[in-house]
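Fold and contact review
Okay, here's what each chain looks like letter by letter:
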Amino acid sequence: MCRTLPCCRQLHRDILKERVDETMAVPGAKDAVAGIAFHWYQGDQYDQVQYVYENYPGKDLIFTEGCVEGGPRNGAWFTGERYAHNIINDLNSGCNAWTDWNLVLDMQGGPNHVGNYCDAPVLADEKNGKAYYQSSFYYIGHFSKFIKPGAVRLSCTHDNGWVPASITGRGENLLESVAFKNPDGTIAFVITNRTEADLNFHFKFADEKEATVYCIPPRSIQTYLFK
C-alpha cells in the first residue's frame, strides 16, 4: 500500500497548515497518511512546519524539493547561504528529512523540457569535461556529513546580542544554528553567519557552568562535533 499525502499540486510552506488540516479531516486519513512532503518556493513560513509537527505527532515531515531558480550562478555564495538558512530552520521546526532538487545540472541549468533553468550544487561542463562545485554543495555537506541517519534533534538557543554591520540589520538574523545527537553519541552543532562581520559566540551545554567562546567569520558556516 502506498502511504502518501493525497495531493495533486505542489505543497509549499505557505499552505502547509491549510492542506494538512484539510487532508487529516477526511475520515481515516490520520491512519493512512505516513507523512507530508513540502517545498520552499513561497517563503520562510517555518511556523507552518512547526504547526504540523506539533499537531500531527508521529508523521514524517519531509522537505522534498528546493532549488535556486533563474539559471545557474557559477561561483555565487548566496546560494549556499540560502540552503543553510532553509535547512536549519526546517530542522528546528520539526522537519526530519531534507532533499535537494537538482544535485547536478549542465552549464545552462538544464536539461529542462520547459526551459525552467536552475542552479545546482554541481554544474557540469560537458563540453570541457569539468565539474564546478558550488557553495551550496559545501553548505549541504555540513549537514549531510555530520548529522547521521537516526540522529535526534536537540534544543538549541542563542542570544544574538548587539547588531554589527549585518546584511539585513536585523538582530534575529545574525546567527542560525541547529544541533543533533547522533546514534554513536556524538553531537553535531551547525552554525551559520550571514552577516559581514566576525561574530563571537559563547557555547555551553545546559549542565555546564562555563561557556567556550568561538568565532565564526563573515558569511560562513561551521560544524562542531562533540563527544
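The preceding data block contains the structure.
Report on the accompanying structure.

Cut-off values and rules
Residues numbered from 1 in each chain as written. Predicted model: local features only at pLDDT ≥ 70, side-chain atom pairs only at ≥ 80, totals over all residues. Heavy atoms only, no water. Helix = DSSP H or I, 4+ residues; strand = E, 2+ residues; numbered from the N terminus. Buried < 20%, exposed > 50% of the residue type's maximum accessible area, 1.4 Å probe, protein only. Contact = heavy atoms within 4.5 Å. Pairing = 2+ DSSP bridges. Right-handed = clockwise from strand over helix to strand, strands pointing away. Axes fitted to C-alpha atoms, helices over the stretch in contact; angles between N-to-C directions. Parallel < 35°, antiparallel > 145°, perpendicular 65-115°, else oblique. Left-handed = near helix turned anticlockwise from the far one by under 90°. Nonpolar A, V, L, I, M, F, W, Y, C, P; charged D, E, K, R; others polar. Salt bridge = Lys/Arg side-chain N within 4 Å of Asp/Glu carboxyl O. Expected span 1.5 Å × (residues − 1). Phe/Tyr/Trp six-rings, centres within 6.5 Å; stacked < 30°, edge-to-face > 60°.

**Brief notes about the overall build of the protein**
Each helix and strand counted, the protein has 5 helices and 12 strands in total. Here the protein, with 227 residues, has 44% of them falling under the buried criterion. Considering only contacts within the protein whose residues lie at least 6 apart along the sequence, 62% involve residues at least 24 apart.

**Structural notes on the pairing of strand 2 (residues 60–65)**
Note: strand 1 (residues 35–39) against strand 2, 5 bridges, orientation parallel. Residue Ala 37 lies in a different strand from strand 2, and its bridge partner there is Ile 62. Each parallel crossover has a hand, and for strand 1 linked through helix 3 (residues 46–55) to strand 2 it is right-handed. Tracing the backbone out of strand 2, into helix 4 (residues 78–92) and back to the parallel element strand 3 (residues 97–98) gives a crossover that is right-handed.

**Concerning the packing of helix 3 against helix 4**
Geometry of a packed helix pair, given as the angle between the helix axes and the separation of the axes. At their nearest, the axes of helix 3 and helix 4 sit 8 Å apart, and the two run at 30° to each other. On the basis of their axis angle, the class for helix 3 and helix 4 is roughly parallel. Note on packing geometry: the crossing formed by helix 3 with helix 4 is right-handed. Judged by residue contacts, Tyr 46, Val 49 and Gln 50 of helix 3 engage His 85, Asn 86, Asn 89, Asp 90 and Asn 92 from helix 4. In terms of residue class, the contact of helix 3 with helix 4 is built from 2 nonpolar, 5 polar and 1 charged.

**Thoughts on the side chain of Thr 192**
The residue Thr 192 is located in strand 9 (residues 187–193) in this model. Classification of Thr 192 by relative accessible area gives buried; the value is 1%. Among all residues touching Thr 192, those that are not within four sequence positions of it are Ala 84, Ile 88, Tyr 139, Leu 174, Leu 175, Glu 176, Ile 216, Ser 220 and Ile 221.

**Regarding the pattern of salt bridges**
Per the counting criterion, the structure on display carries 6 salt bridges. One salt bridge in this structure joins Asp 90 and Arg 13, with 2.8 Å as the shortest N-O distance. Of this pair, Asp 90 sits in helix 4 while Arg 13 sits in the segment before helix 1 (16–24); the two residues are 77 residues apart in sequence, bridging distant segments of the chain. As far as burial versus exposure is concerned, Asp 90 and Arg 13 are alike and both buried. Glu 196 is paired through a salt bridge with Arg 219; the nearest N and O atoms lie 3.6 Å apart. Taken as a pair, Glu 196 in the loop between strand 9 and strand 10 (199–203) and Arg 219 in the loop between strand 11 (212–216) and strand 12 (220–226) lie far apart in primary sequence, 23 residues in all. Taking relative accessible area as the criterion, Arg 219 reaches 26% and is therefore assigned partly exposed. Each of the salt bridges in this network shares a partner with another, and the network as a whole consists of Glu 81, Glu 196 and Arg 219.

**Describing helix 4**
Here helix 4 is 15 residues long and its end C-alpha atoms lie 21 Å apart, about the 21 Å a rise of 1.5 Å per residue gives. Within helix 4, 12 of the 15 residues are buried, leaving the element largely enclosed by the surrounding structure. Considered for burial, the residues of helix 4 that qualify are Thr 79, Gly 80, Glu 81, Tyr 83, Ala 84, His 85, Asn 86, Ile 87, Ile 88, Asn 89, Asp 90 and Leu 91. Just beyond helix 4, the residue with positive phi is Gly 94, at close to 115°.

**Comments concerning unusual backbone geometry**
For the bond running from Gly 110 to Pro 111, omega is 5°, close enough to zero to count as cis. One can find Pro 111 in the loop between strand 4 (104–106) and strand 5 (122–125). Within the chain, Arg 219 stands out as a residue other than glycine whose phi angle is a positive 45°.

**Structural notes on the packing of aromatic side chains**
The final tally for this structure, using the stated rule, is 21 aromatic pairs. Ring centres of Trp 77 and Tyr 139 lie 5.6 Å apart, and the angle between their planes is 75°; on these two criteria the pair is classed as edge-to-face. With Trp 77 in the loop between strand 2 and helix 4 and Tyr 139 in helix 5 (residues 135–144), the pair connects residues that are 62 residues apart, well separated along the chain. With a centroid separation of 6.4 Å and 15° between ring planes, the pair formed by Tyr 224 and Phe 226 is classed as stacked.

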